[in-house]
Amino acid sequence: MKTINIFTLFAIFFIAVGINAQEPLSQDVRVVREFDPTVSDAMKINSMPDREDTLEINPQFNYRVVGQPLSGTPQVESLSAARLAGQRKGELYPSYVRAGMGNYETLFGDIFYNITRNEKFAFALALGQESSWGDIELEDGTSSDAPLHKTNGGLYLRHFFDDKTLEFDMDFNRRAYEYYGLHTIDAAEGSTVFYETEDGSLTRGSALIPDRKQRQTAFDVHLGLLGQQSDVDDTRYHLGLDYGAFDNYTGVGENRFSLWGNVKLPFGGLALHMDGDVSYNQVNAPKGENEMPALLTFEEREQIYVTLNPKMVIPGEKLSVEVGVNVTGEFSGTEEFFLSPHVLGDLTIAEGIVSTFLGMTGEVRPGFYRDMMEENPYLSPDVLVETAHSNIRGFAGVKGNFSSATSFTARLDYEFIENEHFYVNRFFGQNATSNYGMSNLFDVAYDDVTLLTLSGELLVRPVRELDIVLKGAYYGWEMDVLAQAWHKPEMEIGLRAGYQFNEELRLDAAFNLYGDRKAYNPNEVNGVKMLKSVPDFNLGGNYQLNKRMHFFARIQNIFAAKYYQWSGYPMQGINFRVGAGYSF
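Computed from a predicted model, the values in this text were never measured in an experiment.

*Asks:* Please give an account of the packing of aromatic side chains that cites residues and values.
*Replies:* Tallied over the entire structure, the rule returns 25 aromatic pairs. Taken together, the ring pairs in this structure connect Tyr177, Tyr179, Tyr180, Tyr378, Tyr423, Phe442, Trp566 and Tyr569 into an aromatic cluster. Over the face of the ring belonging to tyrosine 177 we find arginine 175, whose NZ or CZ atom lies 5.3 Å from the ring centre. Positioned above the aromatic ring of phenylalanine 368 is the side chain of arginine 256, whose terminal nitrogen or guanidinium carbon lies 3.9 Å from the ring centre.

*Asks:* Give a description of the environment of valine 424 that names residues and reports values.
*Replies:* Among the secondary structure elements, valine 424 is positioned in strand S19 (residues 406-430). For the pair valine 424 and lysine 518, spaced 94 residues apart in sequence, the C-alpha to C-alpha distance is 9.9 Å. Once residues lying within four places of it in the same chain are set aside, the contact partners of valine 424 are Phe442, Asp443, Val444, Ala445, Trp486 and Tyr520.

*Asks:* A description of the pairing of strand S3 (residues 121-132) should follow, citing residues and the corresponding values.
*Replies:* Two elements, strand S2 (residues 106-115) and S3, share 10 bridges in a ladder whose sense is antiparallel. When the bridges of S3 are listed, tyrosine 113 appears paired with leucine 125. Taken together, the 12 bridges between S3 and strand S6 (residues 148-160) define a ladder with antiparallel strand orientation. The residue of S6 that forms the bridge with serine 131 is histidine 149.

*Asks:* Lay out the environment of phenylalanine 537 with the relevant residues and their values.
*Replies:* Note on placement: phenylalanine 537 falls in strand S26 (residues 534-544). For the pair phenylalanine 537 and asparagine 557, spaced 20 residues apart in sequence, the C-alpha separation works out to 5.3 Å. The contact partners of phenylalanine 537, leaving out residues within four places of it in the chain, are Ala509, Ala510, Phe511, Ile555, Gln556, Asn557, Ile558 and Phe559.

*Asks:* If you had to explain the pattern of salt bridges to someone new, which residues and values would you point to?
*Replies:* Counted under the stated rule, the structure contains 21 salt bridges. With a shortest N-O distance of 2.8 Å, aspartate 220 and arginine 370 are connected by a salt bridge. Of this pair, aspartate 220 sits in strand S10 (residues 213-227) while arginine 370 sits in helix H2 (residues 369-375), and the two are 150 residues apart along the sequence. Salt-bridge contacts for glutamate 254 lead to arginine 256; the nearest nitrogen and oxygen are separated by 3.7 Å. The buried category is assigned to glutamate 254, whose relative accessible area is 2%. Here the residues in one salt-bridge network are Glu363, Arg365, Glu415 and Glu420, joined through shared partners.

Basis of the calculations
- Residues numbered from 1 in each chain as written.
- Predicted model: local features only at pLDDT ≥ 70, side-chain atom pairs only at ≥ 80, totals over all residues.
- Heavy atoms only, no water.
- Phe/Tyr/Trp six-rings, centres within 6.5 Å; stacked < 30°, edge-to-face > 60°.
- Lys NZ or Arg CZ within 6 Å of the ring centre and 35° of its normal.
- Helix = DSSP H or I, 4+ residues; strand = E, 2+ residues; numbered from the N terminus.
- Contact = heavy atoms within 4.5 Å.
- Pairing = 2+ DSSP bridges.
- Salt bridge = Lys/Arg side-chain N within 4 Å of Asp/Glu carboxyl O.
- Buried < 20%, exposed > 50% of the residue type's maximum accessible area, 1.4 Å probe, protein only.

Here it is, written out as structure tokens:
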């Protein structure tokens, strides 16, 4: 009944406004925020301090309290445009080196070398390293070693032709860490306590605690071709061939190939957009004998995804409409096809002040092994997460400007998701008792759910030197089988401000609140363990000594909140980072 009602609402909306869809393409420019010039295709221009986030207005809210151990301030990031507002005047140096230190025995540094862009080529090299050797106190009062070593590097090349750009990227990422989290399994040598495994057999606790060491290593190559036609009546395209290799300390490996592209074909006042992707994914089990058969069961998997998303774009002076479909085929032993609509309407209510949007779409969410291990590093290494499918996601919202210094977005999403995954601690029943032993690994549970999301963002720039951004989101989960949406928050709030005091000094502050969550624990009442909300307050600053040299500092988690991103794994408390950078 809910699905029928949503279809009815969307049908009424587009029937009511559809007559305007045939209006000719407007050549007017509607300004929805103040002009903010950027450097086109800038490649790691970073003579000024890193900012944690851009100030683009969009309805998505993806704040996360930083996981353990906390990342250092400087880090190699993907290519992004540098903002011109607030930068120090004078020559911009294309390369830099930075280094710093912090508590929790942290050392970090990175270097970026960029050959200044010319008419034909852009070339850059990047390398970053961060290591931490600090201890973290667990909830039972014991202290556990929580080392982390992150290494990343990249090579980026662009060759510019008259009307297209050839892209070539290589990236390497390595993260080494340990399973430092709390476990309640009696693993003492000679213990008489036995635990029941999934196959019903009994085993000693020592056979259920994995090696503490773990690492994730990834290597990626991208080859692309981007059309850069300036005429709106020309065909535009972006094509790519990607390869990714991934493995971990346990010996599980994954290889992924992807051939993708998107094309825009204008004709008349309309345009046909065609997005497509063909992906092949293979997961390989560790070679040799399984050293922990009572705990881990490895499998191999091959997946092929074929996706095609055609849509027609119908622009109008007041109303713009997109109509299309999303089609995905999954081939992994059995064939399964997913089909969902793509409908979007954007209506201007007051020119340059406020507009509203309404739409409906859906998507397939493959459970790629690498993506799941990156999402939860403490996921049991033998788990292959299944594919989820968002059947219908309806959304509506409003966006605009209160003034030239204020922009806002508010949005509502309501979606039906089949086979959504949730992370749960892995437990083993203790023989002849009602108690369960908790491992320091995670498993997944699945359910068909509906999700209501209310989100918004407000940008205020009262003066040129001050930026203030407020973000927020509320999540309403309705479960079909599971008792709770494990490890999912009910709300997230973030407030960030940056102030350019003068040409030399920039200050920033951020307050974030991550809502209560629930974790599965059969030893607790009703099987629910509460993970309390956490307030997170950060302060940072950057001092530009001269055109080449700058110093930075940051204090994070000033309230020293004891935060658990995953049950049993506390994050770092109050911590600081200081360092210096040199541009050349």
